[in-house]
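Structure assessment
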Amino acid sequence: MTYKKILLSVLLITITTLHNVQAQNYWDKIKEKESTLGLENGFENYETAHFILKLVKSSQTVASLSPKSNPDFDFTPGERLELRSKDGLYQLGDINFRLRNSDSVKWRSYSTAAKRKVVTPVNKEGTLSAANLSPTLADDLPLDVIRYYALDNEDLILGFEFKNTTNSNYELGALGVPMIFNNILEGHSLEEAHARNVFFDPYIGEDAGYLEVKKLDGNDEVLLVLPEENMPFEAYRPLLDDATPRSIVFEGFHEWMSLSKAYADKEWLGVSQWNSPTSVVIKPGETKTFSLKFTLSPSVKEVQQTLIENEMPVAVGIPGYVIPQNVNAKLFLNYTAAVTALDVAPKGSLSIEKKESTANGYATYAVKGEQWGRSRLTITYADGKQQTVNYKVIKAEDELVTDFGNFLFDKQWYTNKEDLFNRAPSLISYDYETKRQVTEDSRAWISGLSDEGGAGSWLGGIMKQLIKPDQQQIAKLEDFINQTIWGRLQYDTGENKYGVRKSLYYYEPEQMPAGTYSDTINYKTWAAWSKEGADDPGRSYNYPHVVAAYWTMYRLARYHDGLVTQQSWQWYLDQAYETILAMNRLAPYYAQFGQMEGSVFVKVLDDLKREKLTEKANMLELEMKKRADHWESLSYPFGSEMPWDSTGQEEVYMWSDYFGYDAKAAVTLNAILAYMPTMPHWAYNGNARRYWDFLYGGKLTRVERQIHHYGSGMNAIPVLDAYRKSPEDLHLLKVGYGGLLGSVSNITEDGFGPAAFHSYPSTLEIDYLSGDYGSNFFGYAINTSSYLVKDPDFGWLAFGGNITETTDTTRLELTTAAKNAVFIQPLSLWITLDAGQVEAVTYFKKTQTVKLQLAAKDKFTPKAYIHLPEGFTLNYPKEREAYVIPLENKPMSIFIKK
């Protein structure tokens, strides 16, 4: 690697640098503003059994909030208090609301952060501190608003009293409490960020809703914000008016909304919200109190138990809240009051049937997805509380994957032989809004078949073949690999041989014929790469896509008959091997980081070993160990081209586990669990945090929490791997399976795979570009699996299947598209297939034996290849570490012995 190329690789951090400069400009503008929070007047300090609370005297907003167990840690961005002590920058303790006279149609907005003035302290019995907020609100405010801080069994209460002192009714149409916690990563190293910063995730579930606030390292106590009085979690609004610069190092702040009708009638008009928007009327002389509770959970995995201890309604959905239509799901409810009503919207989208409660008192319901799309279940309890569980009903996985493939090869197969950029044949990006292929974009990679945003479609099409092969689609992909990847996207000669270009599309208007580039597209951006920039092989993240293509073709050629015809399995495996080595050689700067889809490298190494290609296996293992050794030397080896990222953890975990770096694997897993929650809402359950990739792979480009972007599919890989090593830990299975099904939750009814789903309540819809969805589908294809679980609290559970139980047996019928992997939890038995399908497994309770029902053979699959862990056997010969079973013309059964 020459110095010039190393320098070029370093310069490729343009994205980060650009955003850092932009963010710094915003910070500089904030610095210039006058401080209005009144810091010069001092602070008030309070200590409870659980918290250390520091308030700004003048504003009585929170200056810091620390757990008593770790007083040096601050949940809030107190480290930037002085910098953010200006008008328009929210603090914990602020409030936003909209109000109107009942005779008016116009809402008036009020905010304690808009124009700061000293609030008026008041004496309120039983509080730590209280103040009248009228001075810092508008002069024409017709109500008195009192904010107070109090204790409830050593938990902290933040409350607001609205008193109507007029002779008119007033409607409160919006009420939001800004959740200002320290997720500003700006200027922190990875070590500092994991020690000092937090992520927070919402369960927007009405009276059962909550916010969980976790340290980036996933350790220590979790701060929970709970509804106390009249504060159902109705909506979660982004605070776009806060001047703190949103960027790749700051997702932005949101507010907890208990009332949202005023926004639903205006800014969110026509958008189906997570919950029904509401308002309240405050009558003359009436006082309404709205309050939140702050409590601590000992750890991420104990959040559910902490909610129960706080007498919160708790819901547990199995296999989660993304429900294939052929799956018999379950819902378990735990609350002190009985369920009095269950309502589904849209009507008929779910069917709910009451079942016998569990031994430990969970009310149990059978749930069936009846209608494709979003569905909201509203649970009403005897004490009047309401809980909502948001589901996403999808097609049966087999049908969904088929539709996905058909859409790709029908709508996205690009055949223009006259294309000046040599992109045909290929699967190219697609705009679902205009129903057109994307052959031009100011971001070169989108239309250039590389990077995640451009390779996404062809990567998805290739990974689809791994789990549901189609001969005609495979033939097209072989053309794509041998004509478009090899020799075009990937160098086939010279010093860059096996290197992967950043893009086949580029912007060179002076060298291309007139009319090549549309004058409606802004090409005056850093992302409109020149040919020299597009040809650069220095971005390592482009290599796993190509490796996955070669490896998939190797598997199809090796374990099936007649599916692959243009090259031998040896050629495809060798191409995968050489491409991995080329990544280290030609893209060393970025190769030091974990790669999204990097788990495919582990699979290539496994197959080299199985093929007895010892020299190549040793070389690849040596190269990968160099990277793993580097990660082992770092506290938090999760860097990338971004200052913080959630993509490298997948590969870092897999190689750390492979080489026995157990402590580093544990550090990695804990970090994943900090940004990948489990909660009763399909959009957030198993949703690994991503918030900037709409800028690089989306049509609606903004910094925004993305719903089931490829982080879900990628991070589910290590989480489910960790579960199989700790099969008593249901939390891991719930998180991992949430990510697994989340990765296919956004596929449309006709099979289009979008980049992600927009979380802003003004949108709540898929993005219309295919973008980088292929990485998400890679996570699904590589990780799709079924789980038969015996849980001490919930009994027999199925993830990826349906259970039939008798006195002596438990039978699991698999419902995944691939049906090529199943885990029998009571035996810690992990069964995987290189070819063939398992239709069902039967577990014999007394003898602890397992029967597999294998699908009949087909034209391309005459044999099943089954892998079992040590200690389990089949009465069949082995080949490449797999038992080889000749399949029959009808389903057949075999028994696994222990």
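Residues numbered from 1 in each chain as written. Predicted model: local features only at pLDDT ≥ 70, side-chain atom pairs only at ≥ 80, totals over all residues. Heavy atoms only, no water.

Section: the overall build of the protein
Selection rule: Secondary structure elements follow DSSP: runs of H or I no shorter than four residues count as helices, runs of E no shorter than two count as strands, and numbering proceeds from the N terminus. Our radius of gyration looks at C-alpha atoms and nothing else; its globule reference is 2.2 Å times the residue count to the power 0.38. Residue exposure (1.4 Å probe, protein chains only): buried if accessible area is under 20% of the type maximum, exposed if over 50%, otherwise partly exposed. The contact rule is simple, with two residues in contact once any of their heavy atoms fall within 4.5 Å. Each accessible area value is a Shrake-Rupley result obtained with a 1.4 Å probe; residue values ignore everything except the protein chains displayed when judging cover. Two residue types count as positive, namely Lys and Arg, and two as negative, namely Asp and Glu; His and chain ends fall outside the count. Charge positions come from single atoms, namely NZ of Lys, CZ of Arg, CG of Asp or CD of Glu.
Along its length, the protein carries 20 helices and 43 strands. Over its C-alpha trace the protein gives a radius of gyration of 28 Å, about what one expects of a compact globule, namely 29 Å for 898 residues. In terms of overall dimensions, the protein has a C-alpha envelope of 85 × 75 × 50 Å along the principal axes. Residue burial in the protein is summarised as follows: out of 898 residues, 64% are buried. Look at the contacts in the protein between residues 6 or more apart in sequence, and 67% of them connect residues 24 or more apart. As displayed, the protein offers around 31,800 Å² of accessible surface, 47% of which is attributable to carbon and sulfur atoms. Where the 92 positive side-chain charges of the protein centre and where its 114 negative ones centre are 3 Å apart.

Focus on the side chain of Asp-729
Examined against the element boundaries, Asp-729 turns out to sit in the loop between α18 (710-725) and α19 (730-742). Of the residues examined, Asp-729 reaches a relative accessible area of 15% and is grouped as buried. If near-sequence neighbours (up to four positions away) are discounted, Asp-729 is found in contact with Lys-301 and Tyr-723.

Looking at the sheet that holds strand β24 (residues 373-381)
Backbone-to-backbone hydrogen bonds pair the strands of a sheet. The strands run either parallel or antiparallel. As a reminder of what qualifies: A pair of strands is treated as paired once DSSP finds two or more bridges between them. For helices, the axis comes from a line fit to the C-alpha atoms of the stretch in contact; other axes are also lines fit to C-alpha atoms, and the angle between any two N-to-C directions lies between 0 and 180 degrees.
Spatially, four strands are ordered β19-β25-β24-β21 in an open sheet, and the strand pairing comes out mixed. Both edges of this open sheet fall to β19 (322-324) and β21 (339-345), since each of them pairs with a single strand only. Put simply, the sheet's adjacent strands are angled 30° from each other on average, direction ignored.

With respect to helix α8 (residues 471-485)
Definition in use: The span one expects for a helix is its residue count, reduced by one, times 1.5 Å.
When the terminal C-alpha atoms of α8 are compared, their 20 Å separation across 15 residues agrees well with the 21 Å that a helix rising 1.5 Å per residue should span. Taken together, the buried positions of α8 are occupied by Gln-473, Ile-474, Leu-477, Glu-478, Phe-480, Ile-481, Asn-482, Thr-484 and Ile-485. Considering only its buried residues, α8 is in contact with α6 (397-411), β26 (413-414), β27 (426-427), α7 (451-467), α10 (543-559) and α11 (569-586). Note on α8: the residue one or two positions beyond its end, Gly-487, has a positive phi of about 100°.

Here we look at the pattern of salt bridges
Note the threshold: Only one rule defines a salt bridge in this text: a Lys or Arg side-chain nitrogen within 4 Å of an Asp or Glu carboxyl oxygen.
Taken as a whole and assessed by the stated rule, the structure comprises 53 salt bridges. Here Arg-98 and Glu-267 are joined by a salt bridge, their closest N and O atoms 2.6 Å apart. Here the residue Arg-98 occupies a position in strand β4 (residues 96-101), and Glu-267 occupies one in the loop between α4 (261-264) and β16 (280-282), the gap between them amounting to 169 residues. Exposure remark for Arg-98: the relative accessible area of 8% places this residue in the buried category. On the basis of relative accessibility, which here comes to 35%, the residue Glu-267 falls in the partly exposed class. One salt bridge connects Lys-699 with Glu-433, and the closest N-O pair in it is separated by 2.6 Å. Here Lys-699, found in the loop between α17 (694-697) and β30 (706-707), pairs with Glu-433, found in the loop between β28 (430-431) and β29 (436-437); they are 266 residues apart in sequence, far enough to count as distant. Residue Lys-699 is classed as partly exposed on the basis of its relative accessible area of 33%. A single network of salt bridges, built from pairs that share partners, joins Asp-201, Glu-212, Lys-214, Glu-251, Arg-689 and Arg-705.

Section: helix α16 (residues 662-675)
End to end, α16 covers 21 Å across 14 residues, agreeing with the expected 20 Å (1.5 Å per residue, within 8%). Taken together, the buried positions of α16 are Lys-664, Ala-665, Thr-668, Leu-669, Ala-671, Ile-672, Leu-673, Ala-674 and Tyr-675.

Looking at the nonpolar core
How we decide: We define the nonpolar core as a collection of buried residues of types Ala, Val, Leu, Ile, Met, Phe, Trp, Tyr and Cys that are connected through side-chain atoms lying within 4.5 Å of one another.
If you look at the biggest cluster of nonpolar residues, it comprises 257 residues, and the most contacted ones within it are Phe-162, Phe-181, Phe-294 and Trp-458. Every residue in contact with Phe-181, bar those within four places of it in the chain, is listed here: Phe-75, Thr-76, Pro-77, Leu-92, Val-198, Phe-200, Leu-211, Val-213, Leu-223, Val-225, Phe-253 and Phe-294. Counting 28 residues, the second largest nonpolar core, distinct from the first, contains Leu-814, Ile-831, Leu-852 and Ile-885.

Some words on the packing of α11 against helix α14 (residues 614-632)
The line we're drawing: Left-handed describes a crossing whose near helix is turned anticlockwise from the far helix by less than a right angle; the clockwise case is right-handed. Only Asp, Glu, Lys and Arg are considered charged, only Ala, Val, Leu, Ile, Met, Phe, Trp, Tyr, Cys and Pro nonpolar, and every remaining residue, Gly among them, polar.
Interaxial distance between α11 and α14 falls to 11 Å at its minimum, and their mutual angle equals 30°. Both α11 and α14 take part in a crossing whose hand is left-handed. Contacts between α11 and α14 involve Asp-574, Tyr-577, Ile-580, Leu-581, Met-583 and Asn-584 from the former and Lys-616, Met-619, Leu-620, Glu-623, Met-624 and Arg-627 from the latter. When the residues that make up the contact of α11 with α14 are grouped by side-chain class, the tally is seven nonpolar, one polar and four charged.

Details of the packing of aromatic side chains
For any pair of aromatic rings, the description consists of the separation of the ring centres together with the inter-plane angle of the planes. Quick reminder of the rule: Under the pairing criterion, centres of Phe, Tyr and Trp rings, with the six-membered ring standing for Trp, must be within 6.5 Å; the plane angle then separates stacked pairs below 30 degrees from edge-to-face pairs above 60, leaving the rest tilted.
Evaluation of the coordinates by the stated rule reveals 65 aromatic pairs. Consider the rings of Tyr-432 and Phe-752, whose centres lie 4.6 Å apart with planes at 10°: the pair is stacked. Of this pair, Tyr-432 sits in the loop between β28 and β29 while Phe-752 sits in the loop between α19 and β31 (757-758), and the two are 320 residues apart along the sequence. Accessibility classification places Tyr-432 together with Phe-752 in one group, the buried group. Pairing Tyr-589 with Tyr-590 gives two aromatic rings, centres 5.1 Å apart and planes at 70°, and the pair type is edge-to-face.

Comments concerning the sheet that holds strand β9 (residues 155-164)
Within the open sheet, the eight strands sit side by side as β6-β7-β8-β9-β17-β13-β12-β11. Their pairing is antiparallel. With one partner strand each, in any of the chains shown, β6 (120-121) and β11 (198-203) form the two edges of the open sheet. Pairing geometry for strand β13 (residues 222-229) and strand β17 (residues 287-297), over seven bridges, is antiparallel. Looking across to β17, one finds that Leu-226 is bridged to Lys-293.

Quick word on the confidence of the model for the protein
The test is simple: Confidence scores here are pLDDT values: one per residue, from the predictor, ranging 0 to 100.
Summarising the model, the protein shows a mean pLDDT of 95, and 97% of its residues fall at 70 or more. Low confidence marks residues 1-16, where pLDDT is under 50. Its contacts with residues over four positions away, or in another chain, come to 29 contacts.

A closer look at the environment of Pro-537
Along the chain, the position of Pro-537 falls in the loop between α9 (531-535) and α10. Spatially, the C-alpha atom of Pro-537 lies 18 Å from that of Gly-456, the residues being 81 residues apart in sequence.

Some points on the environment of Gln-848
Tracing the backbone through its elements, the reader meets Gln-848 in the loop between β38 (838-844) and β39 (849-854). C-alpha of Gln-848 to C-alpha of Glu-212: the two residues are 636 residues apart in sequence and 40 Å apart in space. Beyond its immediate sequence surroundings of up to four residues, Gln-848 is in contact with Leu-827 and Tyr-843.

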